[in-house]
Amino acid sequence: MSDAVKTPTAEADRNLPKRFYKIVSVERIAGGYVVTLDGRTLKTPARANLALPNAALAKLVAKEWADQGEFIRPETMIITGFCNAAIDRVAAHRDALESEVCGYADTDTLSYRDADDSPLTQRQLEMWDPILEALEDAHEVRWLRTSGIMPGAQTAPVMALAQNDVAALDKFALTAFSQIVALLGSYALALALRDGHIEADHCWNAAFLESDWQAEQWGEDAQAKALMADRRTRFDAAWSMLQTVMSS
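Residues numbered from 1 in each chain as written. Predicted model: local features only at pLDDT ≥ 70, side-chain atom pairs only at ≥ 80, totals over all residues. Heavy atoms only, no water.

1. Considering the pairing of strand β1 (residues 24-29)
Item 1. For β1 and strand β2 (residues 32-37), the ladder comprises 6 bridges, and the chain directions are antiparallel. Bridging from a neighbouring strand, Val-24 pairs with Leu-37 of β2.
Item 2. In this structure, the hairpin formed by β1 and β2 is closed by a connection of 2 residues, where Gly-31 is found at a positive phi of approximately 85°. (Pairing = 2+ DSSP bridges. Helix = DSSP H or I, 4+ residues; strand = E, 2+ residues; numbered from the N terminus.)

Okay, structure coming up:
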């Protein structure tokens, strides 16, 4: 390989911090766990201890640090970033995040269908309605269903469910759950996934049913495909974090 080909990567690497530690460990402290790098406790960007609620979550964070090579690549440490956010930002701005999550419930992807006689509508009905019906049975609420692009008013019981639900989550669960909601564009899908009504792949396919449909009709854009792959990586990380936190 020529130097001309190697140069961009070498230039990018020089802008990254070098790995400065050898041993990554998980240690128990009062009320939780921390990750240590050569015996020093990992800190958040705001210089707080990265104190985690259970050993399983601490192990996920530790693995991200242990997997780093010569250079530290922050974009590969997604769960670490989520945990940093839970400690540095979510605790201080919880009301705003809860409101944001409830906003997705108010304009939920699953509530809006294509024109009544379109093939896309039939696909939406087949994939989305069983999910909503499972949630409706479990929580005794009724989700809005409408067609067209004009927003409708989500039902009051759904909004009350969302508000009470997110208020009950601790800061780590709320951080992970809010990421899933935002990545899917749907509170209903995130709730169905968390409650065990659907698996992760089915949840993902339901969220992007419309974009997949468009790709079938018009072809797939390479850049959009790469962006979607990155989005899926973040979704998988958030789901792993949420499962770990909720199981403790």
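So that's the structure; there's more coming.
2. Examining the nonpolar core
Item 1. By size, the foremost hydrophobic cluster in this structure holds 71 residues, and its most contacted members are Trp-143 and Tyr-187.
Item 2. Element by element, the count of residues in this core is highest for helix α7 (residues 171-184), at 9 residues.
Item 3. With residues up to four places along the chain from it excluded, the contact list for Trp-143 reads Asp-108, Ser-111, Leu-132, Leu-135, Glu-136, Gln-154, Thr-155, Val-158, Leu-161, Tyr-187, Ala-188 and Leu-191. (Core = buried A, V, L, I, M, F, W, Y, C linked by side-chain atoms within 4.5 Å. Buried < 20%, exposed > 50% of the residue type's maximum accessible area, 1.4 Å probe, protein only. Contact = heavy atoms within 4.5 Å.)

3. A look at unusual backbone geometry
Item 1. One non-glycine residue, Asp-38, adopts positive backbone phi at about 50°.
Item 2. On the accessibility criterion, Asp-38 (33% relative accessible area) is partly exposed.
Item 3. Positive phi is not limited to glycine here, since Arg-47 has a value of about 75°.
Item 4. Inspection of the secondary structure assignment puts Arg-47 in the loop between β3 (40-41) and α2 (55-66).
Item 5. According to the relative accessible area criterion, Arg-47 is exposed, its value standing at 61%.

4. As for helix α11 (residues 222-246)
Item 1. For α11, built from 25 residues, the straight-helix expectation of 36 Å at 1.5 Å per residue is met to within 8% by its first-to-last C-alpha distance of 36 Å.
Item 2. For α11, the set of buried residues is Arg-232, Phe-235, Ala-237, Ala-238, Trp-239, Met-241, Leu-242, Thr-244 and Val-245.
Item 3. Summarising the contacts, the buried residues of α11 are in contact with α2, α3 (78-90), α7, α8 (187-194) and α9 (200-207).
Item 4. The opening residue of α11, the one whose side-chain oxygen lies 3.1 Å from the backbone nitrogen of Gln-223, is Asp-221. (Expected span 1.5 Å × (residues − 1). Polar contact = N/O pair within 3.5 Å; in protein donor to acceptor, adjacent residues only side chain to side chain.)

5. A short note on the packing of helix α4 (residues 94-106) against helix α6 (residues 156-167)
Item 1. Where α4 contacts α6, the axes come no closer than 9 Å and their chain directions differ by 145°. Judged by the sense of rotation from one axis to the other, the crossing of α4 with α6 is right-handed. Side by side, α4 and α6 meet where Arg-94, Glu-98, Val-101, Cys-102, Ala-105 and Asp-106 of the first sit next to Met-159, Ala-162, Gln-163, Val-166 and Ala-167 of the second. (Axes fitted to C-alpha atoms, helices over the stretch in contact; angles between N-to-C directions. Left-handed = near helix turned anticlockwise from the far one by under 90°.)

6. Regarding the packing of aromatic side chains
Item 1. Enumeration over the complete set of coordinates arrives at 5 aromatic pairs.
Item 2. Arranged with centres 4.5 Å apart and planes meeting at 50°, the rings of Trp-204 and Phe-208 form a pair that is tilted. Neither residue differs from the other here; Trp-204 and Phe-208 are each classed as buried.
Item 3. Considering the side-chain rings of Trp-204 and Phe-235, the 5.2 Å spacing of their centres and the 45° angle between planes classify their relative orientation as tilted. Taken together, the residues Trp-204 in helix α9 and Phe-235 in helix α11 connect sequence positions 31 residues apart. Each member of the pair, Trp-204 as well as Phe-235, carries the same accessibility label: buried.
Item 4. Among the aromatic residues, those joined into a ring-pair cluster are Phe-20, Tyr-21 and Trp-65.
Item 5. For Arg-194, the ring lying beneath its charged end belongs to Phe-177, and the centroid distance is 4.9 Å. (Phe/Tyr/Trp six-rings, centres within 6.5 Å; stacked < 30°, edge-to-face > 60°. Lys NZ or Arg CZ within 6 Å of the ring centre and 35° of its normal.)

7. Comments concerning the sheet that holds β3
Item 1. In space, the 3 strands of this open sheet follow the order β1-β2-β3, with antiparallel pairing throughout. Both outer strands of the open sheet, β1 and β3, are each paired with one neighbouring strand and no more.

8. What to know about the pairing of β2
Item 1. Counting buried positions along β2 gives 6 out of 6 residues, so the element sits mostly inside the fold.
Item 2. Covered by surrounding structure in β2 are Gly-32, Val-34 and Thr-36 together with Tyr-33, Val-35 and Leu-37, the residues of both alternating faces.
Item 3. Bridging between β2 and β3 involves 2 bridges; their strand directions are antiparallel. By the bridge assignment for β3, Leu-37 is matched with Arg-40.
Item 4. Linkage of β2 to β3, two consecutive antiparallel strands, is achieved through a turn of 2 residues, within which Asp-38 is found at a positive phi near 50°.

9. A short note on the confidence of the model for the protein
Item 1. Predicted confidence across the protein gives a mean pLDDT of 92, with 95% of residues reaching 70 or more.
Item 2. Taken together, the stretch residues 1-8 has pLDDT below 50 and engages in 1 contact with residues farther than four places along the chain or on a different chain. (pLDDT = per-residue confidence, 0-100.)

10. Quick word on a negative patch on the surface
Item 1. A grouping of Asp-114, Asp-116, Asp-117 and Glu-210 is seen on the molecular surface, where their side chains present a negatively charged patch.
Item 2. Among the residues examined, Asp-114 registers a relative accessible area of 32% and is labelled partly exposed. (Patch = residues over 30% accessible without salt bridge, like charges linked within 9 Å, V, L, I, M, F, W, Y side chains within 5 Å. Areas by Shrake-Rupley, 256 points an atom, 1.4 Å probe, with all protein chains shown as cover. Salt bridge = Lys/Arg side-chain N within 4 Å of Asp/Glu carboxyl O. Lys, Arg positive; Asp, Glu negative; His and termini not counted. Charge placed at Lys NZ, Arg CZ, Asp CG, Glu CD.)

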